[in-house]
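Below, each chain spelled out in residue letters.
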Amino acid sequence: MLQISLIREQKEQVAQALKKKNFDAAEIIERILEVDQQRRITQKKLDDTLAESKIMAREIGTLMKSGQQEKANKLREETSRGKIVVKELQDKLAQLESEQESLLVLLPNMPHDTVPAGNTPDDNEVVTQEGEITELHQDAVPHWELATKYDIIDFEAGTKITGAGFPVYKGKGAKLQRALISFFLDEATQAGYTEYQPPLMVNEASAYGTGQLPDKDGQMYHVTLDNLYMIPTAEVPVTNLFRDVILQENQLPARSTAYSACFRREAGSYGKDVRGLNRLHQFDKVEIVQLTTPEASYQALEEMREYVTGLLRKLELPFRILNLCGGDISFASAKTYDMEVFSAAQNRWLEVSSISNFETFQSNRMKLRYKTKEGKTILAHTLNGSALALPRILAALLENNQTEQGIKIPKVLVPYTGFDNIS
RNA sequence: GGAGAGAUGGCCGAGUGGUCGAAGGCGCACGCCUGGAAAGUGUGUAUACCUCACAAGGGUAUCGAGGGUUCGAAUCCCUCUCUCUCCGCCA
């Protein structure tokens, strides 16, 4: 959610910036400013009225004590009339506040200057590409066939016990999953991230805090009986740890990491996009989150990108990094890098991480602030990224590393798996 | 799930209708004291919104949340949430 002060002071710049996201904000901004104006007038009126009746109430108290019953009663009548006005103003104020808020949440975050213009994924800027595009032997097959061949993932069993998009990992497949999780968490911890193990369900306030609600509630699994939401990413519980928190500047940057299962309903996809591990309703992911100052946040974004780059190198996967264009960047993000690995048998790039700087877009809604050295309380910047999402990493590992003798496990993982080959 | 107790500022803790944003203590910050430190001592120490120059100053709200009674509520009433204790159930 953008700050109202920003819209008040720089409405032209805001509208201009949002154009990059193909968002025509002019009308909404005008409405927001109108409501804001009304809100402030009403607030002032209410405050003045309350101040008045407060003074009178005190007077009544004094009069009663000194036994001037009649005078007190007279004043009392007067204040009772004021109460109706107060009630009206309070209702009006509440209504204006909620109206302002509901308009404010319609505006997406402003993209950073370095976000390329463009509307479609084709306009994303390829920042770097690294690693050899794997040449596969003739009988190479996509990962879903390898999964069956080596009996390491059972898609059908998952369908039987739950439904499509809930695979069952088995034997070395299961072990490899566990190895990846441990590897990612160890790396993150070494890089200074504090490990958390968060709840997999969150309440409404948390889902709202990171922006899944109100717009995207259809994308989450909702346990209606208890009104809890299955998390679509660990970002939700981890970032919400800091909801309504005021940190000290010396606690920044705060780096957090968490492994979690992630749950996504993701209705409306089909074909090659959802084949095998490409898109699932439940998957595993290690997430990294940073909270930092406005001055440091873009440096933090680069640092996180470097960090994830390091992981992909260690896993010996060919990858590329995209600087997402204005049209492809998410609603809440000011700048996003997507990390994609090349999955050789499918001959396509798979997104395995998305690293974003949200600036104050999340923290404003969450009231996540810090106290500067000068003693001023201001909103922190929040960033997060996957490090990494497992299924597509697994898909690429299986496909790229397949040989006639079996699937080769990257060296860094061997200490975790206890085997260097799946055959 | 049943019974009971409770929720006050960063923490502890007073406050049961009147000037209480809230005593006192601890913690923290700054100053004095000191050769330096401890002790001592002084001052300060919430958040949001409005006014305003995002200053100073001022106003309003906030004592778990929401509603109500009252001229006036941290204090009374109702609803909800959460915490603790005991019992039950249980990995």
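Anything mentioned here points back to the structure above.
Residues numbered from 1 in each chain as written. Chains lettered and ligands numbered in written order. Predicted model: local features only at pLDDT ≥ 70, side-chain atom pairs only at ≥ 80, totals over all residues. Heavy atoms only, no water.

Brief notes about the pairing of strand E13 (residues 348-359)
Here is the rule we go by: Here the term buried applies to any residue with accessible area under 20% of the maximum for its type, exposed to any over 50%, and partly exposed to those in between, with areas from a 1.4 Å probe on protein chains only. Secondary structure elements follow DSSP: runs of H or I of four or more residues count as helices, runs of E of two or more count as strands, with numbering from the N terminus. Note on pairing: two strands pair once DSSP finds at least 2 bridges between them.
Of all 12 residues making up E13, 9 are buried, and the element is well covered by its neighbours. Relative to E13, strand E12 (residues 335-343) is paired through 9 bridges, and the arrangement is antiparallel. Directly across from Val 341, in E13, lies its bridge partner Leu 350. Between the end of E12 and the start of E13, which pair antiparallel, lie 4 residues, with Asn 347 showing a positive phi angle near 55 degrees. In this sheet, strand E16 (residues 381-389) lies alongside E13 in antiparallel orientation, the contact comprising 3 bridges. Bridge pairing links Asn 357 to Leu 383 in E16.

Overview of the pattern of salt bridges
Counted only if it meets this: One side-chain nitrogen of Lys or Arg within 4 Å of one carboxyl oxygen of Asp or Glu is enough to make a salt bridge.
Applying the stated rule across the entire model yields 14 salt bridges. For Asp 36, the salt bridge goes to Arg 40, with nearest N and O atoms at 3.3 Å. Of the two residues, Asp 36 and Arg 40 are both situated in helix H3 (residues 26-65); the distance of 4 residues between them amounts to about one turn of the helix. Since its relative accessible area comes to 1%, Asp 36 is described here as buried. For Glu 302, the salt bridge goes to Arg 305, with nearest N and O atoms at 3.1 Å. Placement of both Glu 302 and Arg 305 in helix H10 (residues 297-314) is noted, with a separation of 3 residues, approximately one turn of the helix. You can call Glu 302 partly exposed: its relative accessible area is 28%. Given the relative accessible area of 13%, Arg 305 is considered buried. Each of Arg 8, Asp 36, Arg 39 and Arg 40 takes part in one network of salt bridges that share partners.

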